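Geometric and topological summary
The lines below spell out each chain.
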Amino acid sequence: YRVCGRGEMHLSILIETMRRAGYEFQVGAPRVMYKQDGETILEPMERLVVDVPEDKTGSVFSSMGVRKGELLQMENIGSRIRLEFKVPARGLFGYKSQFLTETRGEGVFNTLFYGYEEFKGDIPMRQRGSLVAFEEGDTITYGLYNAQERGTLFIGAGVDVYEGMIIGENPKNDDIAVNPCKEKHLTAIRSTGADEKLLLTPPQIFSLEEAIEYINDDELIEVTPKSIRLRKKILNTELRMKAQMRAR
């Protein structure tokens with residue numbers, strides 16, 4: 001099914017309502033609705049208005065430059081700056097969370113539909129890969145401890161996972177297959193650090209709206225009444241790697 005909505009929040013409300021009603025389904029990455037004007041492709045544009053502290057304007061300008069944003073107006077309001085941009089709607093996917101992080105929660109973010117304009121070109125989206133489980137089972141602290149050395153975890157210990165499930169993020173732009181269910185082999189000789197407790201960094205937990213913003217085109221959100229999981233469209237590790245090689 002193709003479902004149309006006004007942004008990630010609108011879609012997440014519908015998905016959450018269905019989830020609470022007992023439905024189980026999967027959701028792909030959101031896409032904007034283009035229009036064709038003769039041979040010209042038109043895309044939806046948003047008017048973005050942000051209020052930020054003076055020392056946080058640099059990160060906003062940098063992000064808007066990457067996302068094809070065009071400055072329309074700049075206004076001083078006391079110790080804060082109000083910036084108004086015209087930006088492609090697809091350029092705002094995932095930006096709200098980034099904006100709040102870059103402004104340390106001090107920024108105010110609002111959008112309004114601006115109209116359709118000629119396609120603005122490619123916009124680089126998420127530049128980070130995924131940590132993907134290649135084995136089915138319950139996650140073990142030892143396996144997660146090894147996996148967290150490769151990036152940020154999205155789950156903790158004692159979680160049922162399956163092959164192709166996304167369990168974390170790789171800071172580099174590549175997916176890495178990991179085994180969060182790996183157990184430590186016991187040996188007859190106890191080493192000096194054998195009894196040291198393995199400490200896991202608290203996992204990053206996504207809200208439904210954040211998950212919609214986060215996933216790439218080759219990923220899905222698995223929604224059930226009890227859980228929200230991220231997964232690859234191709235679950236089998238070998239088949240997925242072959243598909244990625246062909247795409248390159």
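Structure: above.
Residues numbered from 1 in each chain as written. Predicted model: local features only at pLDDT ≥ 70, side-chain atom pairs only at ≥ 80, totals over all residues. Heavy atoms only, no water.

A count of helices and strands for the protein gives six helices and 14 strands. Taking the principal axes of the C-alpha coordinates as reference, the protein spans close to 70 × 45 × 40 Å. When contacts within the protein are restricted to residue pairs at least 6 apart in sequence, long-range pairs at least 24 apart make up 72% of them. Element-wise, carbon and sulfur atoms account for 51% of the exposed surface of the protein, whose accessible area totals about 15,200 Å². Within the protein, the 38 negative side-chain charges are centred at a point lying 1 Å from the centre of the 34 positive side-chain charges. (Helix = DSSP H or I, 4+ residues; strand = E, 2+ residues; numbered from the N terminus. Contact = heavy atoms within 4.5 Å. Areas by Shrake-Rupley, 256 points an atom, 1.4 Å probe, with all protein chains shown as cover. Lys, Arg positive; Asp, Glu negative; His and termini not counted. Charge placed at Lys NZ, Arg CZ, Asp CG, Glu CD.)

Before going further, it helps to spend a moment on the pairing of strand β5 (residues 80-88). The buried fraction of β5 is high, at seven of nine residues. In terms of strand pairing, strand β3 (residues 40-53) meets β5 through nine bridges, oriented antiparallel. Counted as the bridge partner of V49 is E84 from β5. One ladder, built from seven bridges, connects strand β4 (residues 70-77) with β5; its direction is antiparallel. The residue of β5 that forms the bridge with I77 is R80. What sits between β4 and β5 in their antiparallel hairpin is a turn of two residues, with G78 showing a positive phi close to 65°. (Buried < 20%, exposed > 50% of the residue type's maximum accessible area, 1.4 Å probe, protein only. Pairing = 2+ DSSP bridges.)

Its location among the elements puts E210 in helix α5 (residues 208-214). Overall, the relative accessible area of 31% leaves E210 in the partly exposed class. Placed 72 residues apart in sequence, E210 and D138 show a C-alpha to C-alpha distance of 25 Å. When residues no more than four places from it in sequence are discounted, the contact partners of E210 are S97 and I205.

Once that is clear, we can look at the packing of aromatic side chains. Tallying each qualifying case throughout the model produces nine aromatic pairs. Relative to F109, the ring of Y95 has its centre 5.9 Å away and its plane inclined at 50°; by these criteria the two rings are tilted. Placement of the pair is Y95 in helix α3 (residues 95-102) and F109 in strand β6 (residues 108-118), with a sequence separation of 14 residues. Classification of Y95 as buried rests on a relative accessible area of 0%. Ring-pair connections join several aromatic residues into one group, and the members of that group are Y95, F99 and F109. Directly above the aromatic system of Y116 lies the positively charged group of K35, at a separation of 4.4 Å from the ring centroid. Taking NZ or CZ as reference, R126 lies 4.1 Å from the ring centre of Y214, over its face. (Phe/Tyr/Trp six-rings, centres within 6.5 Å; stacked < 30°, edge-to-face > 60°. Lys NZ or Arg CZ within 6 Å of the ring centre and 35° of its normal.)

Right, let's get into the pairing of strand β13 (residues 219-223). The buried fraction of β13 is high, at five of five residues. Side chains of β13 alternate between two faces, with E219, I221 and V223 and L220 and E222 buried alike. For strand β1 (residues 25-27) and β13, the ladder comprises three bridges, and the chain directions are antiparallel. Each residue of the ladder has a partner; that of V27, found in β13, is I221.

Moving on, we get to the nonpolar core. Within the largest apolar cluster, 16 residues are counted, with the highest numbers of intra-cluster contacts made by I15, V27, F154, F206, I221, V223 and L230. With four residues, α5 is the single largest residue contributor to this core. If sequence neighbours within four positions are ignored, F154 has contacts with I166, I167, G168, E169, P203, Q204, I205, F206, Y214 and L230. Grouped together as the second largest cluster of nonpolar side chains are 13 residues, L131, A147, Y162 and M165 included. (Core = buried A, V, L, I, M, F, W, Y, C linked by side-chain atoms within 4.5 Å.)

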